[in-house]
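Breakdown of the fold
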Amino acid sequence: MAQAWTLASRPNGTPTHDNFALIDVASPALEPGQIRIANHWLSVDPYMRGRMNDVKSYTPPFVLGEPMQGGAVGEITESAAEGFAVGDLVLHMAGWRDEAVIPASQAQRVPALGVDPQAFLGQLGMPGMTAYFGLLEVASAKPGDVVFVSAAAGAVGSTVVQIAKAKGMTVIGSAGGADKCAWVSSLGADAVIDYKDGTPLIKQLAAVAPNGIDVYFDNVGGEHLDAALGLANERARFAICGMIEMYNTGAPTELRFAARIIGARIRIQGFIVSDYMSRAGEFYNEMGGWLQSGQLVREETIHEGLASMPDAFLGLFSGGNKGKMLVRV
Ligand code: NDP
């Protein structure tokens, strides 16, 4: 019998283990065009918190009692689909479970770039694409820019740091705790702020960005966004990628420096990574090359076993990961 995680109840505030339940699911015979996949790697991502709320959004809410979805990499164990063979590694969205039965049209063969397959859930997958297009397209970041990025030790943030350095930018990261900050420095960041050290962020940012910032890559929102507004140079560009600080609280953010958007002509643009899916080839070319040459460091925090999915997911909100948070099944 296959197993899957379901949302047992919708969280109010920070999710707890009670919001999740591990259920048995049927393992049906394949219909024409379907494949059976043994999942090896499961992704947990902050956007999943939004899917736990019963609200209209760019992705539909998880359905209570049904298997949850998420990025996964697995191996085909049975195929009724032309062109897909037993043993092929595929990337798909039927995660949060050990076995998936899906139409082959909903799976993508893992590209043969000579890197570990789980990289396609991280730096070579959705978070990597988010970093790449968010920085270079949404924020129009260019060599010489001073870039500030929050959650810089996470999957998206640590990739932003490295792409920005590869492209000749000055990078300031922020992360929680000395250990994470040291790691972000080791990736090449020119300065790193520990936002948990008790000093107001605006003070810390002003100290390391005496000439202001040209780009802000926002993963956090709240005080980070406010400090970036306070230090933004004229015609600075903000890529609003995520606001994890408010995913559990929904609390409004006080932006004391919001009026600077006007005088400094700041361009603020939100985006969803799927806007750039049609340009995946471009992304694989440049990122694949950097990864193969060793120019990009890939870091993963791995939880073991399907049972650990809720722990891995909840860890995203308490800083439990360096690089990409993954579960190995
Ligand atoms: P991460 O790997 O960065 O994990 C989340 C990290 O956020 C934690 O490790 C923690 O790091 C930090 N964090 C958690 N809570 C807070 C808080 N209250 N204040 C400050 N930092 C906090 O996740 P991802 O790289 O996958 O995602 C990063 C952001 O990008 C998220 O906001 C996500 O929603 C967004 N995103 C947006 C996409 C889009 O298409 N727009 C696509 C993918 C991601 P620390 O220990 O440093 O606090």
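Residues numbered from 1 in each chain as written. Predicted model: local features only at pLDDT ≥ 70, side-chain atom pairs only at ≥ 80, totals over all residues. Heavy atoms only, no water.

1. As for the nonpolar core
The cut-off we apply is this: Each nonpolar core is a collection of buried residues, namely Ala, Val, Leu, Ile, Met, Phe, Trp, Tyr and Cys, held together in the definition by side-chain atoms within 4.5 Å. Here's how the labels work: a residue is buried when its accessible area is under 20% of the maximum for its type, exposed when over 50%, partly exposed in between, all with a 1.4 Å probe on protein chains only. What counts as a helix is a DSSP run of H or I of at least four residues, what counts as a strand is a run of E of at least two, and both are numbered from the N terminus. Each domain span listed reflects an automatic or database assignment of domains. Whether two residues are in contact is decided by their heavy atoms: any pair within 4.5 Å suffices.
Ranked by size, the top nonpolar core spans 48 residues in total, and within it Tyr132, Leu135, Val161, Ile163, Val184, Phe217 and Met287 carry the most contacts. Contributing elements (two or more residues each) for this core: helix H2 (126–138), strand E8 (146–149), helix H3 (155–166), strand E9 (170–175), helix H4 (178–186), strand E11 (213–218) and helix H8 (280–293). The residue makeup of this core includes at least three contributed by each of domain 1 (2–122 + 298–328) and domain 2 (126–274). If we skip the residues at most four places from it in the chain, Met287 touches Gln123, Leu124, Tyr132, Thr159, Ile163 and Leu296. Listed in part, the 21 residues of the second largest apolar core include Ile213, Leu229, Ala264 and Ile266.

2. Notes on unusual backbone geometry
Negative phi values dominate among residues other than glycine, just as trans dominates among peptide bonds. Of note in this structure, Ala151 is not a glycine but carries a positive phi near 50°. Locating Ala151 in the fold gives a position in the loop between E8 and H3. Judged by relative accessible area, Ala151 falls into the partly exposed class, the value being 31%. In the Ramachandran plot, Arg235 falls in the positive-phi region, its phi being about 60° despite a non-glycine side chain. Locating Arg235 in the fold gives a position in strand E12 (residues 232–240). A relative accessible area of 52% places Arg235 in the exposed class.

3. A look at the pattern of salt bridges
Pairing of side chains with opposite charge becomes possible as their charged atoms draw close. Stated formally: The working definition used for a salt bridge is a side-chain nitrogen of Lys or Arg within 4 Å of a carboxyl oxygen of Asp or Glu.
Under the counting rule described, the total for this entry stands at 15 salt bridges. With its nearest N and O atoms 3.2 Å apart, the salt bridge here joins Glu99 to Arg36. Of this pair, Glu99 sits in strand E6 (residues 99–103) while Arg36 sits in strand E3 (residues 34–43), and the two are 63 residues apart along the sequence. For Glu99, a relative accessible area of 22% corresponds to the partly exposed category.

4. A short note on the domain arrangement of the protein chain
Heads up, the condition is: Throughout, the accessible surface (probe 1.4 Å) given up by two parts as they are put together, summed over both, is called the buried area. Polar contact is defined as a pair of N or O atoms within 3.5 Å, subject to the rule that within protein one atom must be able to donate a hydrogen and the other to accept it, and that residues adjacent in sequence are counted only when both atoms are side-chain atoms. Three classes are used: nonpolar for Ala, Val, Leu, Ile, Met, Phe, Trp, Tyr, Cys and Pro, charged for Asp, Glu, Lys and Arg, and polar for all others, with Gly counted as polar.
According to the domain assignment, the protein chain contains domain 1 (2–122 + 298–328) and domain 2 (126–274). Placing the centre of domain 1 and that of domain 2 at their C-alpha centroids yields a distance of 28 Å. Contacts between the two partners involve 20 residues from domain 1, matched on the other side by 14 residues from domain 2. Interface of domain 1 and domain 2: buried area, both sides summed, is about 1,300 Å²; carbon and sulfur atoms make up 59% of it. Across the domain 1-domain 2 interface, the total number found is 1 salt bridge. There are 7 residue pairs in polar contact (both at pLDDT 80 or more) connecting domain 1 and domain 2. Class assignment for the residues of the side of domain 1 that touches domain 2 results in 8 nonpolar, 7 polar and 5 charged.

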